Number of protein chains: 2
Amino acid sequence: MPEQSIEEFKKGLEGTVAGDSKVCLLDGSIGKLEYRGYKIEDLAANCNFEEITYLLLYGKLPTKHDLKDFSRKLAERRQLPKYVIKTMKALPNTMNSVEVMRTAISALSNNVEDARKLTMDQQLDQGITLIAQFPTAAAYYYRLKNGLKPIRPKKKLGHAANFLYMMSGNVADDYSIRAMDMDFVLHAEHSFNASTFAVRITISTLSDMYSAMNTGLSVLKGPLHGGAASGVMEMLGQIGSVDNVNNYIDNALANKQKIMGIGHRVYRTYDPRARILKKTAREISQSKNDMKWFEMCDKIEEKMLKEKTLYPNVDFYSAVVYKELGLPMDMDTAIFAIARSSGWVAHALEQYSDNRLIRPLDHYIGPVDLEFVPIEKRK
Amino acid sequence: MPEQSIEEFKKGLEGTVAGDSKVCLLDGSIGKLEYRGYKIEDLAANCNFEEITYLLLYGKLPTKHDLKDFSRKLAERRQLPKYVIKTMKALPNTMNSVEVMRTAISALSNNVEDARKLTMDQQLDQGITLIAQFPTAAAYYYRLKNGLKPIRPKKKLGHAANFLYMMSGNVADDYSIRAMDMDFVLHAEHSFNASTFAVRITISTLSDMYSAMNTGLSVLKGPLHGGAASGVMEMLGQIGSVDNVNNYIDNALANKQKIMGIGHRVYRTYDPRARILKKTAREISQSKNDMKWFEMCDKIEEKMLKEKTLYPNVDFYSAVVYKELGLPMDMDTAIFAIARSSGWVAHALEQYSDNRLIRPLDHYIGPVDLEFVPIEKRK
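Residues numbered from 1 in each chain as written. Chains lettered and ligands numbered in written order. Predicted model: local features only at pLDDT ≥ 70, side-chain atom pairs only at ≥ 80, totals over all residues. Heavy atoms only, no water.

J.: Help me understand unusual backbone geometry, please; the structure alone is not making it clear to me.
T.: Negative phi is the rule for most residues except glycine; trans is the rule for most peptide bonds. Residue and element names in this part refer to chain B. Positive phi, normally seen in glycine, also occurs at Leu206, with a value near 65°. Among the structural elements, Leu206 can be located in the loop between helix 9 (194-204) and helix 10 (209-220). Non-glycine residue Asn289 carries a positive phi angle of around 55°. Within the secondary structure layout, Asn289 lies in the loop between helix 13 (272-287) and helix 14 (292-308). (Helix = DSSP H or I, 4+ residues; strand = E, 2+ residues; numbered from the N terminus.)

J.: Mind showing me how you'd approach the sheet that holds strand 4 (residues 38-39) of chain B here?
T.: The strands making up a sheet are joined through hydrogen bonds of the backbone, oriented either antiparallel or parallel. Residues and elements named next belong to chain B. The strand order across the open sheet built from three strands is 2-3-4, with neighbouring strands paired in antiparallel fashion. Looking at which strands have only one partner, the edges of the open sheet turn out to be strand 2 (24-27) and strand 4. As defined by bridge partners, strand 3 (residues 32-35) adjoins strand 4 across two bridges and the pair is classed as antiparallel. Bridge pairing links Glu34 to Lys39 in strand 4. (Pairing = 2+ DSSP bridges.)

J.: Looking at this structure, I do not really get the interface of chain B and chain A. What am I missing?
T.: A common way to state how big an interface is: give the accessible area lost once the parts meet. Taken together, the 112 residues of chain B in the interface contact 112 residues of chain A. Taking both partners together, chain B and chain A bury about 10,100 Å²; carbon and sulfur atoms supply 58% of that area. Considering only the surface of chain B that becomes buried against chain A, B:Val17, B:Arg359 and B:Phe372 emerge as the three largest contributors, covering 8% of it. Summed over the shared surface of chain B and chain A, the number is 10 salt bridges. Across the salt bridge formed by A:Arg356 and B:Glu14, the nearest N and O atoms sit 2.3 Å from each other. Where chain B packs against chain A, one counts 66 residue pairs in polar contact (both at pLDDT 80 or more). (Contact = heavy atoms within 4.5 Å. Buried area = accessible area lost by both parts, 1.4 Å probe. Salt bridge = Lys/Arg side-chain N within 4 Å of Asp/Glu carboxyl O. Polar contact = N/O pair within 3.5 Å; in protein donor to acceptor, adjacent residues only side chain to side chain.)

J.: When you look at the packing of helix 6 (residues 120-145) of chain A against helix 10 (residues 209-220) of chain A in this model, what are you seeing that I'm missing?
T.: Axes are the key here: two packed helices are described by the angle between their axes and the distance separating the axes. Residues and elements named next belong to chain A. At their nearest, the axes of helix 6 and helix 10 sit 9 Å apart, and the two run at 40° to each other. Here helix 6 lies oblique to helix 10, going by the angle between them. Remark: the crossing between helix 6 and helix 10 carries right-handed chirality. Two secondary-structure elements touch here, helix 6 through Gln123, Gln126, Gly127, Leu130 and Phe134 and helix 10 through Met209, Tyr210, Met213 and Leu217. Residues of the contact of helix 6 with helix 10, tallied by class, amount to six nonpolar, three polar and no charged. (Axes fitted to C-alpha atoms, helices over the stretch in contact; angles between N-to-C directions. Parallel < 35°, antiparallel > 145°, perpendicular 65-115°, else oblique. Left-handed = near helix turned anticlockwise from the far one by under 90°. Nonpolar A, V, L, I, M, F, W, Y, C, P; charged D, E, K, R; others polar.)

J.: Explain the side chain of B:Glu301 to me, please; I cannot follow it from the model alone.
T.: Residue and element names in this part refer to chain B. As for its placement among the helices and strands, Glu301 is situated in helix 14. For Glu301, a relative accessible area of 10% translates into the label buried. A polar side-chain atom of Glu301 sits 2.8 Å from a polar atom in the side chain of Tyr270. Not counting residues up to four positions away in its chain, the partners in contact with Glu301 are Tyr270, Lys278, Pro312, Phe316 and Tyr317. (Buried < 20%, exposed > 50% of the residue type's maximum accessible area, 1.4 Å probe, protein only.)

J.: Would you mind going over the relation of the copies chain B and chain A with me for this structure?
T.: Taken together, a rotation about one axis and a shift along it account for how the two chain copies relate. With an RMSD of 0.0 Å, chain B superimposes on chain A once it is rotated by 180° and translated 0.0 Å along the axis. On this basis, the relationship between the two copies can be described by a two-fold rotation axis. The fraction of interface residues of chain B whose copies in chain A are also interface residues reaches 100%, indicating that both copies meet through the same surface. (Least-squares fit on C-alpha atoms with pLDDT ≥ 70 in both.)

J.: Explain the environment of B:Phe49 to me, please; I cannot follow it from the model alone.
T.: All names here are of chain B. Looking at the element boundaries, Phe49 is found in helix 2 (residues 49-58). Between the C-alpha atoms of Phe49 and Asp208, which are 159 residues apart in sequence, the distance is 24 Å. Apart from residues no more than four positions distant in its own chain, Phe49 is found in contact with Ile131, His159, Asp181, Phe184, Val185, Ala188, Ile338, Ala339 and Ser342.

J.: When you look at the packing of aromatic side chains in this model, what are you seeing that I'm missing?
T.: Within a pair of aromatic rings, the relevant descriptors are the distance that separates the centres and the angle that separates the planes. Counted according to the given criterion, the structure contains 22 aromatic pairs over all chains. Ring centres of B:Tyr54 and B:Tyr58 lie 4.3 Å apart, and the angle between their planes is 25°; on these two criteria the pair is classed as stacked. Taken together, the residues B:Tyr54 and B:Tyr58, both in helix 2 and four residues apart, mark about one turn of the helix. Counting every residue linked through ring pairs, the aromatic cluster contains A:Phe49, A:Phe163 and A:Phe184. It is A:Arg275 that lies over the ring of A:Tyr270; its NZ or CZ is 4.6 Å from the centre. (Phe/Tyr/Trp six-rings, centres within 6.5 Å; stacked < 30°, edge-to-face > 60°. Lys NZ or Arg CZ within 6 Å of the ring centre and 35° of its normal.)

J.: Sorry if this is basic, but what is going on with helix 16 (residues 332-353) of chain B here?
T.: All names here are of chain B. End to end, helix 16 covers 32 Å across 22 residues, agreeing with the expected 32 Å (1.5 Å per residue, within 8%). A maximum bend of about 40° is found in helix 16 at Arg340. Among the 22 residues in helix 16, 21 count as buried, and that is most of the element. (Expected span 1.5 Å × (residues − 1). Bend = angle between axes of the 7 residues up to and from the residue.)

J.: For this particular structure, what's the right way to read the pattern of salt bridges?
T.: A side chain of one charge can pair with a side chain of the opposite charge if their charged atoms are brought near each other. Counted according to the given criterion, the structure contains 34 salt bridges over all chains. Among the ionic pairs, A:Asp369 bridges to B:Lys32, the shortest N-O distance being 2.8 Å. Remark: B:Lys32 occurs in strand 3 and A:Asp369 occurs in the segment after strand 5 (361-364); the pair is interchain, linking two chains. We note a salt bridge from B:Lys279 to B:Glu283, for which the minimum N-O separation is 3.8 Å.

J.: What am I meant to see in the packing of helix 2 of chain B against helix 16 of chain B here?
T.: All names here are of chain B. Look at helix 2 against helix 16: their axes get within 9 Å of each other, and the N-to-C directions meet at 15°. Classified by the angle between their axes, helix 2 and helix 16 sit roughly parallel to one another. As helix 2 runs across helix 16, the sense of the crossing is right-handed. Touching Phe49, Thr53, Leu56 and Leu57 of helix 2 are Ile338, Ala339, Ser342, Gly343, Val345, Ala346 and Leu349, all from helix 16. Tallied by class, the residues present in the contact of helix 2 with helix 16 amount to eight nonpolar, three polar and no charged.

J.: Before we go on, may I ask you to explain the sheet that holds strand 3 (residues 32-35) of chain A in this structure?
T.: All names here are of chain A. The strand order across the open sheet built from three strands is 2-3-4, with neighbouring strands paired in antiparallel fashion. Only two strands of the sheet have a single partner each, and these edge strands are strand 2 (24-27) and strand 4 (38-39). In the sheet, strand 2 pairs with strand 3 via four bridges, with the strands oriented antiparallel. In the strand pairing of strand 3, Asp27 is matched with Lys32.

J.: I tried to follow the pairing of strand 1 (residues 17-21) of chain B on my own but got confused; where do I start?
T.: Taken residue by residue, a regular strand's side chains alternate between the two faces of the sheet. Taken across its five residues, strand 1 of chain B has four buried, putting it largely inside the fold. Bridge count between strand 5 of chain A and strand 1 of chain B: three bridges; the pairing is parallel. Bridge pairing in strand 1 of chain B places A:Tyr364 opposite B:Ser21.

J.: Explain the environment of A:Val171 here, please?
T.: Within the fold, A:Val171 resides in the loop between helix 7 (159-168) and helix 8 (174-187). A:Val171 sits 10 residues away from A:Ala161 along the chain, and the two C-alpha atoms are 7.0 Å apart.

J.: Which parts of the structure should I look at to understand the confidence of the model for chain A?
T.: Caution is warranted with low-pLDDT regions, since their predicted coordinates should not be read in detail. Residue and element names in this part refer to chain A. For chain A, per-residue confidence averages 95 on the pLDDT scale, and residues scoring 70 or more make up 98% of the total. Note that pLDDT drops below 50 for residues 1-6; the model gives that stretch 15 contacts with residues more than four away or on any other chain. Overall fold confidence for the complex sits at a pTM of 0.96, while the interface term, ipTM, reaches 0.96. (pLDDT = per-residue confidence, 0-100.)

Below you can see the structure in the form of structure tokens.
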């Protein structure tokens, strides 16, 4: 082959460095995660989703004034244009949440200039608008699917509170809002994961922010990336009770089944996000006086650690949080996307600021120089 | 960093092998391109788009019987469901071709199961349907944008002929059909280009074929990948006449401007597709008795070879072909996507058949362990 001797490469680019980044430090060997140099533990304890998003996009923590301005900007941009709502209404209500969200996000792109013709500020501005609109697209999907009237976003509510409000029509209690917010904060960013890397490839052709978000949604849709929470909840439903956990896991391991929400490509120890979200899951379960799901997860965690030295990932306890918040489990990937949109935009901007087309080579292992046989002579 | 010492890596994964593949042999150093082991020159001289697509998807050339069956299958699946046409009609006619096509392709995905739950045959079947529907989505975009009634696909026409028919309402002459077909054949596949690699990432999360096509469109939309033909035609418009070519290029090179359609990341010699399409461009120009655009391109090619030892890529002569076919130049990326959809499906199937999540690492170069400052104390 040209330019490429028969060299070693890692399948799935595992362990392969694909670029520089200043967005996220992720050290899977010691379970360390930082957004823009700040420890996830500090951020989770102190910041809401808007503050995290500001940090990811601008590379620094906002002042009180900055945060107020930024939060207002997000709140003001939540509504979808009428034609997008009309588009969503034209879709069959058999479509799933990511399909509808992606169609809406694609439709939002109305003659968007390619990246060559936009400044960084204009790209950032588009990104902020998209982050603001993701929850609205998700909630409108849910309302329309269930024959309910879409609920217009409420400017006075924060990002997490407003999403819960657009889903149910009621302002949620503080525990619920905090749990939703925490879930968003912990899912906002995670270095060169599959969707984020594909977002960067999209921008690397000098495509646009809307296209990047479409790619993000399309890649996240896969069950090896987004959508683990619904798998966890399905498993919890099959297990049924805490007493049955040991038996279920023993059987599953004997049959070499994968246990949903356990293990991660990068982490070789406890996923720091899972540690934080476990606490949130416990609290929201206590506030709802419904410990069953949390306790099953806790027991599975203990068992998997003992049997396989494998740790839960962030989606494991997301399942409990969504259950307690009354969110439909089939919206897990859509909710993940609401959060990850801020990481996607941060990486899109970083890629754009120092771009080089991302275009690898393949190692060709097929036949070479075959003789062409005319169609009449083929068998 | 974990798992990654501070190692060398190539920006944009240039020259980096990202996986095995049997779809396409591309040796840029000697200008060699083969689909499934067959030389592009043999394929272009003998096969239409349907035959090429069969070869890419099944890994072998079809018999007469196979090709007839496959062509009929494609022809029977061209129509879009009514709700998708309704969705397209809800979109503003300011949207560009890729935005509308992508929204339509996204909307076609109606509760599609993820890859875990589908067999290879089911995935292939979805891929064939999508390849059949791409031209219809593109042509309907054009008709609706211009206030014209969409034209239903004609089963008796081949893939290229039917696309031209759905655009204009007339069955094109043989020269035009052959030129369109040649353009499709030459754009169908090109190893791990940016869109195809992102398609493989999409499938690697076990997402689905529809999501993969959405990613493909979003990545191809960038002017460093799709859409070079419109850039070439814009340049030809600025140059105005053959006499002005030398002057224009001298000026552009002095100002370090990029010459559209010249040069390629992988080819270090003549792009074999450009060589073939140049002949097609000459023939269609002769048949229309309109040599101006072809002659300008020919002159630019000669000049760039002399000045910079750079060669035209396939999009360079696509511009002339689209011009002579009367296709709107702003549909260049949409037309590219119609052709490339078959390569995308072939790679999606290959990725699915031996999957590993594509998830690289980044080289983190940002700040580490910053002290968290409470918001009241930030300046």
